[in-house]
Amino acid sequence: EAFWKLPFTERGKAGEPLNLGDTLHVTNIEQIFGDYPSYDGAPLAAGDLAESGLTDGTMYLGLQRYQDKFGDVYKMCFGPKSFMVVSDPQVLKHILCDSVFNYDKGLLGEVLEDVMGKGLIPADFETWKVRRRAIVPGFHKAWLNYQLGQFGEAGRLLTKSLHKSAAAGTAVDMEERFGSVALDIIGKAVFNYEFGSTEKESPVVKAAIQSLREVEHRAQTPFQYWKLPLMDDVLVERQREFKVNMELLNGALNDCVQQALSQRTEADLEELHDLERRDYSKMDNPSLLRFLVDMKGEETSGKQLRDDMITMLIAGHETTASALTWALFELAQQPELLEEVQSEIDGVMEGKECPDMEDIKAMPLLRLCFAESLRMYPEPPLLIRRAMEEDTLPGGATGQETKILRGMDFFLSIYNMQRDEKYWPNANTYDPKRWLNPYKNPDIPGWKGYDPTKWGGQLYPNEIASDYAFIPFGCGPRKCVGDNFAMLEGTVTLGMVLRDFTFEFTAPTAEPAQVGTSTGATIHTKNGMWMKLKPRR
Ligand code: HEM
């Protein structure tokens, strides 16, 4: 509003583009703004579209190149839109924790609406408050312990399929394999659905994967063409396909919801008083969905439950799969480190099919291998927010405050921050042991540094120990609800695969560099991660 009230010639002072035509090429930003200082005080990124990475699916890398030139809080324009890009831990803490209710999901909410409805990720604050309170208790200790056994079972099927390929001498795309196992795990855990994708193909699996691709496509398309009349299914082939896939997936989800609703019993409600004593191995439907249905309190509609389920399916599938892919990608290039982790695993898991909680506790290096993958390859690399009211961002590392107008859109670059040498020496080196040593940077007085004694009784490093420089699960009230689930799942799966095999990159991606990266919601490879596996035992 403030911007549109300014006389035309003054608008540059507000730090906004003068008109659409001038800004279609980001190259001309300096000409457009002339010598006017911008309203917000943030440096303006000037570059071109190719450099920004928008055109080849590597926007997170483009934003990192700009960070080198413009710092940890800067503004950039894509056509008529401008975004503030932030990667300073103190500023991120302000947005995600201290002033969390001033920053909603903005663009992301609009893009995800068709798929996730009012699920937790895109939900407005009203809905979010109610659903978050319902969902978080579902991830209690007894349930997570039970899930640990399920991760082991899924890992067993995965290693079985990998042994078959190894015996036949066939190359395997490990990215695809990790995607399948993560899909099977999340489907069973969240809504008691057997995707069975580790062992076979099915139309529902295809529909689930293609719907995720569409979400990624939409998240990267600034103009919401699918909302225009006729665009949804008449003119655009991919939208037609998307509709068919969503119908198939919704059908499966709705069946699960109806099944859980029909299984609701009074006895279950009684048990909820003492959650930790619930014996999930004796339940025919030990899923999170069943828990949500059994909850006392207001009735939850079938539509809301479906939205909750699909949100968790999407949130918990490719994120874990990508973190596993990149952990293996890095370990396969460091034979000595790989051997060291394998000998840790051998020592603990000797004679056991899969690890239990005590085993996980006894394998610190394995746990750190997964955490370090999430530092170098955060999934998603960028979070999206929009300011609901005017605000002033704290100075952070530079001490330079930034004024924010209502409606400003943000990319919060977790990737930039977690690869920043200021916080992580040799940031581009995969070094799981870095987490064992404290680190402080005297050049950044406001940042307390990383302290390995501050994990707070958790099994993995976190935002508190790193003073918000490591936030792969976000932080504050909207932090990931599946963080412990995902860490345990990643550790079990990685442990079982590393225990059984050695790895060699092979055609068509024989060199690690050929694996390439591309992003949607997560960082994935360009060409798959093809490997030949040799059994160790
Ligand atoms: C939110 C990362 C696994 C469910 C988030 C956020 C991040 C994240 C960064 C915050 C998004 C934001 O603030 O905009 C990850 C990573 C995972 C993972 C890296 C795996 C390695 C999971 C799993 C589940 C899950 C397994 C469910 C079982 C959710 C949900 C939210 C969320 C429901 C929204 C929370 C809210 O807004 O209150 N996740 N996630 N995630 N995640 Fe995860």
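Cut-off values and rules
- Residues numbered from 1 in each chain as written.
- Predicted model: local features only at pLDDT ≥ 70, side-chain atom pairs only at ≥ 80, totals over all residues.
- Heavy atoms only, no water.
- Helix = DSSP H or I, 4+ residues; strand = E, 2+ residues; numbered from the N terminus.
- Buried < 20%, exposed > 50% of the residue type's maximum accessible area, 1.4 Å probe, protein only.
- Contact = heavy atoms within 4.5 Å.
- Areas by Shrake-Rupley, 256 points an atom, 1.4 Å probe, with all protein chains shown as cover.
- Near = heavy atom within 4 Å.
- Polar contact = N/O pair within 3.5 Å; in protein donor to acceptor, adjacent residues only side chain to side chain.
- Core = buried A, V, L, I, M, F, W, Y, C linked by side-chain atoms within 4.5 Å.
- Donors = N, O, S within 2.8 Å, 3.2 Å for Na, K, Ca; no water.

**Focus: the overall build of the chain**
In step 1: Scanning the chain for helices and strands turns up 22 helices and 13 strands.
In step 2: For the chain, with 537 residues in total, the buried portion stands at 58%.
In step 3: For the chain, long-range pairs separated by at least 24 residues make up 69% of all intrachain contacts whose partners lie at least 6 apart in sequence.
In step 4: As displayed, the chain offers around 23000 Å² of accessible surface, 54% of which is attributable to carbon and sulfur atoms.

**Quick word on the site of the ligand**
In step 1: The environment of the ligand is made up of 27 residues, and the closest members are W128, R132, E379, R385 and C480.
In step 2: Within the contact set of the ligand, an oxygen atom lies 2.7 Å away from a side-chain nitrogen or oxygen of R132.
In step 3: Here R478 contributes a side-chain N or O atom positioned 3.1 Å from an oxygen atom of the ligand.
In step 4: Taken together, the elements giving at least two residues each to the shell around the ligand come down to α8 (125-135), α16 (302-331), β6 (382-387) and α21 (483-500).

**Examining the nonpolar core**
In step 1: One finds M174 and L498 to be the most contacted residues of the largest nonpolar core, which totals 119 residues.
In step 2: When residues of this core are assigned to their parent elements, the largest contribution, 14 residues, is made by α16.
In step 3: In contact with M174, not counting residues within four places along its chain, are L162, L328, V497, M529, M531 and L533.
In step 4: In this structure, M84, L92, C97 and Y103 belong to the second largest nonpolar core, which totals 22 residues.

**Comments concerning the coordination of the iron atom of the ligand**
In step 1: Its sole protein donor being C480 (SG), the iron atom of the ligand sits 2.3 Å from that atom.
In step 2: Counting through the fold element by element, C480 comes out in the loop between α20 (414-418) and α21.

**Details of unusual backbone geometry**
In step 1: Here the bond from E379 into P380 is cis, since omega is 5°, no more than 30 degrees from zero.
In step 2: Mapping P380 onto the fold places it in the loop between α19 (364-376) and β6.
In step 3: Of note, the bond from A507 into P508 is cis; its omega dihedral lies within 30 degrees of zero at 5°.
In step 4: Mapped onto the fold, P508 is located in the loop between β10 (501-505) and α22 (512-515).
In step 5: The phi torsion at N192 lies on the positive side, around 55°, for a residue other than glycine.
In step 6: Along the polypeptide, N192 turns up in the loop between α10 (174-191) and α11 (203-219).

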